[in-house]
Each structure stands twice: as C-alpha cells, then as structure tokens.
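Descriptive analysis of the structure
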Amino acid sequence: MPGSITPLPRVLLTGFDAFGGDSLNPSWLAVRPLHGRRIASHQVVAAQLPTVFEASLAELEHQLRLHKPALVICVGQAGGRSAISLERVAINVNDARIADNAAAQPVDTPVIAGGPTAYFSTLPIKAMLQALQSEGLAAEVSQTAGTFVCNHVFYGLMHQLATRRGFKRTRGGFMHVPYLPEQGSPSMTLDELVRGLRVAIRAALTTQRDIAQGAGAIS
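Remember, predicted model here, so these are calculated numbers, not experimental data.

1. Let's talk about the environment of Val177
Following the sequence through the fold, Val177 ends up in strand β11 (residues 171-177). Considering only alpha carbons, one finds Val177 and Ala83, 94 residues apart in sequence, at a separation of 6.8 Å. For Val177, the residues in contact, after removing those within four places along its chain, are Pro26, Ser27, Val75, Gly76, Gln77, Ala78 and Leu193.

Below you can see the structure in the form of structure tokens.
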C-alpha cells in the first residue's frame, strides 16, 4: 500500500522464568528491558520461556513462527559463573540433576531423537566476546551449556534453524548470564547484563564473518 511502512527485521531474544526455588531469573530480567528496542536497524522482540523441557521448545517454536527473526539469542542463568558466557556448542542429551518446573527430570535422553550429536552456535561468538570485553564487561566463551533446560533449548533452537524451511539464513545461539547480586556471588548487576546483551546483539548483527581470537579452555 502507498505510504505503508516496511517492518524492521526482528531479533528474537528469550529468557527463562525462575526455577530451582529461586524467586527470579536474571535471564528474563535482562532480556525484558530490550523488548521493542531498535539495534542496528533490527527490532528486538523479547519472549519468556518456561523452565520446562518440552514446553520450552514448544514456546520457542511458536515464537520463531510468529516473528520469523533474522537473529535468535536465547539467554539463561548460570549460577556460579562470573561472566557473560557465549556458548559454543549444544549437545543432544538431557540429563537433569534437578527437576524442571513441571517436575520432569529426564536422565540420558535425547533432546531430538535421531538428531545430530551436537550443533555449534552460528553466532559470531569471538566478535561478540571482543565487543563485550571492549566495553569493560566480564565475558567468556563457554564450551558447555550444561544438560538442563538451557542446553535443551539451545539444541532445539539450532535443530529448528537447520531443518525448518525459512530459517536457513537465521543465525542463532545461546548466552548464559551470572546471578544478580541479590542471588549470591559471583554476580553481575542488572544494568551490566542489559548493557551486555545490547552490545552482544549489535556485534552479532554487524559481524558477517567471525574473527579469529583465542578463547578456548585447557580443561
């Protein structure tokens, strides 16, 4: 129509609800303020996922179909970590040390039956790391997203992007954030987490080819 405005391409940003007896989850608290923000000519859409194995992927799939994003970053809480963690790889296993919010506790089951052993993030994680560190934010590349709902969502996301029609060019991955100060130590402030997500999204959107920078682990 004459005069109609073409909508901006979208970034889907997800966080989780509280779990494990906590009253809050910093992943959702950090994601929520970015809803509706414009970053590098893209519109951010924030969505909350339940900390429930099957339901989390159902909601993620709904959000993917609804928004058809150009970029997807799922975010979760990693208590005990002291930095924003850019996850490198998702593995095809559920092995829950604690029950999820629906009392499910799968042990040694696949995320996707018959799926590949693992998927790598398609985010430019080294460029994102450099951008975060340049802003004075504690950041790292992580070699494991665990075997709880975070890894379940990470693997499910990458499987969707790899196998579903219409998502071949969509980049995606997962980030973990530390506790907030009121949850314990180590921690980062909510302002730092929100700023870190904004910086990471911008770097992901403006980097076509990742940089080569050492960020591996010895053990």
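2. A closer look at the side chain of Asp100
The topology assignment puts Asp100 in the loop between β7 (94-95) and β8 (107-109). A polar contact of 2.8 Å, which involves the side chain of Asp100, links it to the backbone nitrogen of Ala102. Not counting residues within four places of it along the chain, the set of residues in contact with Asp100 comprises Thr51, Val52, Phe53, Phe148 and Val149.

3. A look at the packing of aromatic side chains
Per the stated rule, a full pass over the model turns up 4 aromatic pairs. Taking 5.7 Å as the distance between ring centres and 40 degrees as the angle between the ring planes, the aromatic pair formed by Phe19 and Phe148 counts as tilted. One end of the pair, Phe19, is in the loop between β1 (10-16) and α1 (26-31); the other, Phe148, is in the loop between β10 (139-142) and α4 (149-163), with 129 residues separating them in the sequence. Like Phe148, Phe19 is buried. Of the aromatic side chains, those joined through ring pairs into one cluster are Phe19, Phe53 and Phe148.

4. What to know about the nonpolar core
Counting residues in each nonpolar core, the largest one holds 37 residues, and the members touching the most others are Leu13, Leu71, Ile73, Met128, Met175 and Ile201. A total of 9 residues in this core trace back to one element, the largest contributor, which is helix α5 (residues 190-206). With sequence-adjacent residues up to four places away left out, Ile201 is seen in contact with Val11, Leu13, Leu34, Ile39, Leu71 and Ile73.

5. Looking at α5
Relative to the 24 Å expected for 17 residues at 1.5 Å per residue, α5 spans 24 Å between its end C-alpha atoms, a close match to the ideal helical length. Leu193, Val194, Gly196, Leu197, Val199, Ala200, Ile201, Ala203, Ala204 and Leu205 are the residues of α5 that are buried.

6. Observations regarding empty space enclosed by the protein
Over the atoms a probe the size of a water molecule is rolled, and this reveals where empty space is left. Taken as a whole and judged by the stated rule, the model has 1 cavity of 30 Å³ or more. Roughly 40 Å³ of internal volume is contained in the largest cavity. As for the largest cavity, its lining consists of Phe16, Phe19, Asn25, Thr51, Phe148, Val149 and Cys150.

7. Quick word on the sheet that holds β10
A sheet is described by the order of its strands in space; here 7 strands give the open sequence β2-β3-β1-β4-β11-β5-β10, paired in mixed fashion. The open sheet has two edge strands with one neighbour each: β2 (38-39) and β10. As paired elements, β1 and strand β4 (residues 71-77) share 4 bridges and run parallel to each other. Opposite Thr14, over in β4, you have Cys74 as the bridge partner. Each of β1, β3 (42-49), β4, β5 (84-87) and β11 touches α4; the most contacted strand, β11, lies at about 170 degrees to it. Packing of α5 onto the sheet brings it into contact with β1, β2, β3, β4, β5 and β11, and relative to β4 it is tilted by some 150 degrees.

Thresholds applied
- Residues numbered from 1 in each chain as written.
- Predicted model: local features only at pLDDT ≥ 70, side-chain atom pairs only at ≥ 80, totals over all residues.
- Heavy atoms only, no water.
- Helix = DSSP H or I, 4+ residues; strand = E, 2+ residues; numbered from the N terminus.
- Contact = heavy atoms within 4.5 Å.
- Polar contact = N/O pair within 3.5 Å; in protein donor to acceptor, adjacent residues only side chain to side chain.
- Phe/Tyr/Trp six-rings, centres within 6.5 Å; stacked < 30°, edge-to-face > 60°.
- Buried < 20%, exposed > 50% of the residue type's maximum accessible area, 1.4 Å probe, protein only.
- Core = buried A, V, L, I, M, F, W, Y, C linked by side-chain atoms within 4.5 Å.
- Expected span 1.5 Å × (residues − 1).
- 1 Å grid on protein atoms, 1.4 Å probe; cavity = no way out; pocket = protein on both sides within 12 Å on 5 of 7 lines; lining within 4 Å.
- Points joined across faces, edges and corners; volume = space filled by probe spheres on them.
- Pairing = 2+ DSSP bridges.
- Axes fitted to C-alpha atoms, helices over the stretch in contact; angles between N-to-C directions.

The quantities given are spatial measurements derived from coordinates; they are silent on function.
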